[in-house]
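# Structure assessment
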Amino acid sequence: MRILVTGSTGFIGQSLVPALARQGYFVRAAARDPSRVAAGPNIEPVAMPDLSGPADWSTALEDVSHVVHLAGIAHAPGTLSDGIYTRINTEAVAELAEQAKGKIDRFVLMSSVRAQAGLSSPTIITEADEPTPTEIYGRTKLEAERRLAASGGDYTVLRPAVVYGPNVKGNIASLATIAKTPMPLPFGGLDNRRSLLSIDNLIAATVHVLQTEQTRNETYLVADAEPISVAGMVAAMREGLGRPPQLVKMPHRAIRRLMKSFGREADWERVCGTFEIDPAKLMATGWKPEVESTEGIRQMMRVPQAPAP
């Protein structure tokens, strides 16, 4: 395979590109700054078009057999206009799909579980559920899926849970920052179940769908095999740092105060809600999430963090 990977220097791309190359695939790694693409055999860094307007992908698509589209705007509540989300997360996908049609064998779109559901769910989430995104990020991801399916080309959509791994950003990074503090933390009573996804499991899922005919023109939720509680997450983070968990049970209002002190009060629902995903559909095609959440989080905390670019 000769694979075009967009967004190659993002959190997922910086791990996926070298992983594909190590397995013998030729990777054309598109990024806004190609100099930041991981160097190595079978990797060709190229400049990615500006997705804020109509983009010409003809050069990037030349002689490739597959596309893995990672590029997009991550979830950033209240900081970007709806128009920017629509332009980059939806319109740019539709344009790339149209230009790739008839030239490639498969288009793999990295969507998000947020195209399927909101911040929490009282029931276990499956692909059979009607998608109910609750904000612009999820809605534009879902519309991108629909535009891709309507393009006429063959595709696979992956809807990953929150992904964790070395140099993770977002809410997992914020929780890790709290876990690094020396104080006991009032998370012992947070036994809600939340599905996460190891970066290694996501890479394995991406390689699997690229190789598996059964996954053609299908959409899959992707998560570690078993969910984990917030108490379990923080305990695993501290264990990865070689420290005891030091978790105590305290009223939820105390946790709210703690999160407010770190400027993360708005993330309360992301911490206290239940969000459990069933990845059985993808597992039925032969994929197996080898990394278990607790051990994956421990390993994440043991890896030195790279400096910010």
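Residues numbered from 1 in each chain as written. Predicted model: local features only at pLDDT ≥ 70, side-chain atom pairs only at ≥ 80, totals over all residues. Heavy atoms only, no water.

Let's shift gears to the packing of aromatic side chains. How two aromatic rings sit relative to each other is set out by the distance from centre to centre and by the angle between their planes. Within the structure shown, the criterion is met by 1 aromatic pair. Relative to Tyr-137, the ring of Tyr-85 lies with its centre 6.5 Å away and its plane at 70 degrees, an arrangement referred to as edge-to-face. Of this pair, Tyr-85 sits in helix α3 (residues 82-100) while Tyr-137 sits in helix α4 (residues 136-150), placing them 52 residues apart in sequence. Both residues of the pair, Tyr-85 and Tyr-137, count as buried. One Lys or Arg, Arg-2, reaches over the ring of Phe-26 and ends 4.0 Å from the middle of that ring. The ring of Tyr-220 has Lys-281 sitting right over it, with the charged end atom 5.1 Å from the ring centre. (Phe/Tyr/Trp six-rings, centres within 6.5 Å; stacked < 30°, edge-to-face > 60°. Helix = DSSP H or I, 4+ residues; strand = E, 2+ residues; numbered from the N terminus. Buried < 20%, exposed > 50% of the residue type's maximum accessible area, 1.4 Å probe, protein only. Lys NZ or Arg CZ within 6 Å of the ring centre and 35° of its normal.)

This part covers the side chain of Ser-195. Considering the arrangement of structural elements, one finds Ser-195 in the loop between β8 (193-194) and β9 (196-198). Given a relative accessible area of 4%, Ser-195 falls into the buried group. A polar atom in the side chain of Ser-195 sits 2.8 Å from the backbone nitrogen of Ile-277. (Polar contact = N/O pair within 3.5 Å; in protein donor to acceptor, adjacent residues only side chain to side chain.)

Next up on the list: the environment of Arg-194. By secondary structure assignment, the location of Arg-194 is in strand β8. Polar contacts involving the side chain of Arg-194 include one to the main-chain carbonyl oxygen of Leu-119, which spans 3.3 Å.

Spatial ordering of the open sheet is given by β3-β2-β1-β4-β5-β6-β10, a layout of 7 strands whose pairing is parallel. Of all the strands in the sheet, the pair left with one neighbour each is β3 (43-47) and β10 (218-222). Averaged over all adjacent pairs, the angle separating strand axes in this sheet is 20 degrees, with direction ignored. Relative to strand β5 (residues 106-110), strand β4 (residues 66-69) runs parallel, the two being bridged by 4 bridges. Counted as the bridge partner of His-69 is Leu-109 from β5. Contacts from α4 reach β5, β6 (155-160) and β10, with the element oriented near 165 degrees to β6. (Pairing = 2+ DSSP bridges. Axes fitted to C-alpha atoms, helices over the stretch in contact; angles between N-to-C directions. Contact = heavy atoms within 4.5 Å.)

Turning next to the pairing of β6. In the case of a regular strand, side chains alternate between the two sheet surfaces. Most of β6 is tucked away, with 6 of its 6 residues classed as buried. Neither face of β6 is open: one carries Tyr-155, Val-157 and Arg-159, the other Thr-156, Leu-158 and Pro-160, and all of them are buried. Strand direction decides the pairing type here: β5 and β6, joined by 4 bridges, are parallel. Following the sheet pairing, Phe-107 is matched in β6 by Tyr-155. In the classification by handedness, the crossover that spans β5, the intervening α4 and the parallel β6 is right-handed. By the bridge criterion, 5 bridges tie β6 to β10 in an arrangement that is parallel. Paired with Pro-160 across the bridge in β10 is Val-222. (Right-handed = clockwise from strand over helix to strand, strands pointing away.)

In helix packing, the relevant descriptors are the interaxial angle and the interaxial distance, both defined with respect to the helix axes. At a minimum axis separation of 9 Å, helix α5 (residues 170-179) and helix α7 (residues 230-240) run at an interaxial angle of 60 degrees. Comparing their axes, α7 and α5 come out oblique. Crossing of α5 over α7 shows right-handed handedness. Each of Ile-172, Leu-175, Ala-176, Ile-178 and Ala-179 in α5 lies in contact with α7, whose residues at this interface are Met-233, Val-234, Met-237 and Arg-238. Considered class by class, the residues forming the contact of α5 with α7 number 8 nonpolar, no polar and 1 charged. (Parallel < 35°, antiparallel > 145°, perpendicular 65-115°, else oblique. Left-handed = near helix turned anticlockwise from the far one by under 90°. Nonpolar A, V, L, I, M, F, W, Y, C, P; charged D, E, K, R; others polar.)

Turning to its location among the elements, Asn-89 is positioned in helix α3. At 2.8 Å, the side chain of Asn-89 forms a polar contact with the backbone nitrogen of Ile-73. If we ignore the near neighbours within four places in the chain, the residues touching Asn-89 are Gly-72, Ile-73, Ile-84, Tyr-137, Thr-140, Lys-141 and Ala-144.

Every α-helical turn comprises 3.6 residues, leaving residues that sit three or four positions apart pointing alike. With respect to burial, helix α1 (residues 13-22) is a largely interior element, 7 of its 10 residues being buried. The elements touched by buried residues of α1 are β1 (2-6), β2 (26-31), β3, β4 and α6 (199-211).

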